[in-house]
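# A structural walkthrough
Listed below, chain by chain, are the residues.
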Amino acid sequence: MTFTSTPKPVLVRADEAESLQDGATSLITLLADANATGGALTANRATLQKGSPGAPAHFHTRATEMFYVLDGSMRILLDDKVLTLGAGDFLTVPPTVPHAFAPAPDSGAEMLVVFTPGMDRFDYYRLLERVYRGEATIQDIRDSSEQFDNHYFESPVWQAELARR
């Protein structure tokens, strides 16, 4: 992905940000996509209620994903280990490193999620909402794997962690 325009400041007012319901217990607030930042980054806010399944095990090949916990407690799969992050904790996950995330048991959480370099991901989040509403299928997500650089896989470690609810 190559962007030729000079990046400009990006301001997203809280009351103007697009929010998407990607599941019964999670909300994604879109902040800045790659096209708005000259390809520098993509950012969203993830709000996960207690019991949310979060994001399944996956990896990206083209970007580093960063997580900053704003509130609550998160469990994050990193390779084959599960970490617990609390408010104020920050984690970077380089390309090709397997990861997943969900709120810690008995907790909800909010996170700032940033990808760098930026990737056009807002349409991926909109696809997740369409799947949740029954307007698209899981196969549509699978078919978009290369386009949105989300590569899902089975993780016995993560499945065991989610079973600890």
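Because the structure is a prediction, the values reported are computed rather than measured. (Residues numbered from 1 in each chain as written. Predicted model: local features only at pLDDT ≥ 70, side-chain atom pairs only at ≥ 80, totals over all residues. Heavy atoms only, no water.)

So, about unusual backbone geometry. With omega at -5°, the peptide bond leading from T116 into P117 counts as cis. Mapped onto the secondary structure, P117 falls in the loop between β9 (109-116) and α1 (122-133). Not every positive phi belongs to a glycine, and D106 is a case in point at roughly 65°. Mapped onto the elements of the fold, D106 is located in the loop between β8 (99-103) and β9. (Helix = DSSP H or I, 4+ residues; strand = E, 2+ residues; numbered from the N terminus.)

The next point concerns helix α4 (residues 156-163). Taken together, the buried positions of α4 are W158, E161 and L162. An end-on view of α4 places all buried positions within 95° of arc, on one side of the element. Every exposed residue of α4 that faces more than 90 degrees away from the buried side is listed here: P156 and A163. Of the surrounding secondary structure, the elements contacted by the buried residues of α4 are β4 (55-59), β5 (64-78), β6 (81-86) and β8. (Buried < 20%, exposed > 50% of the residue type's maximum accessible area, 1.4 Å probe, protein only. Arc of directions from axis to C-beta. Contact = heavy atoms within 4.5 Å.)

A few words on the nonpolar core. One finds F67, M74, I76, F101, M111 and Y125 to be the most contacted residues of the largest nonpolar core, which totals 30 residues. Of all the elements in the fold, those that place two or more residues in this core are β2 (26-32), β3 (42-48), β5, β7 (90-93), β9 and α1. With six residues, the single largest contributor to this core is α1. Membership of the second largest hydrophobic core comes to six residues, among which are A57, L77, W158 and L162. (Core = buried A, V, L, I, M, F, W, Y, C linked by side-chain atoms within 4.5 Å.)

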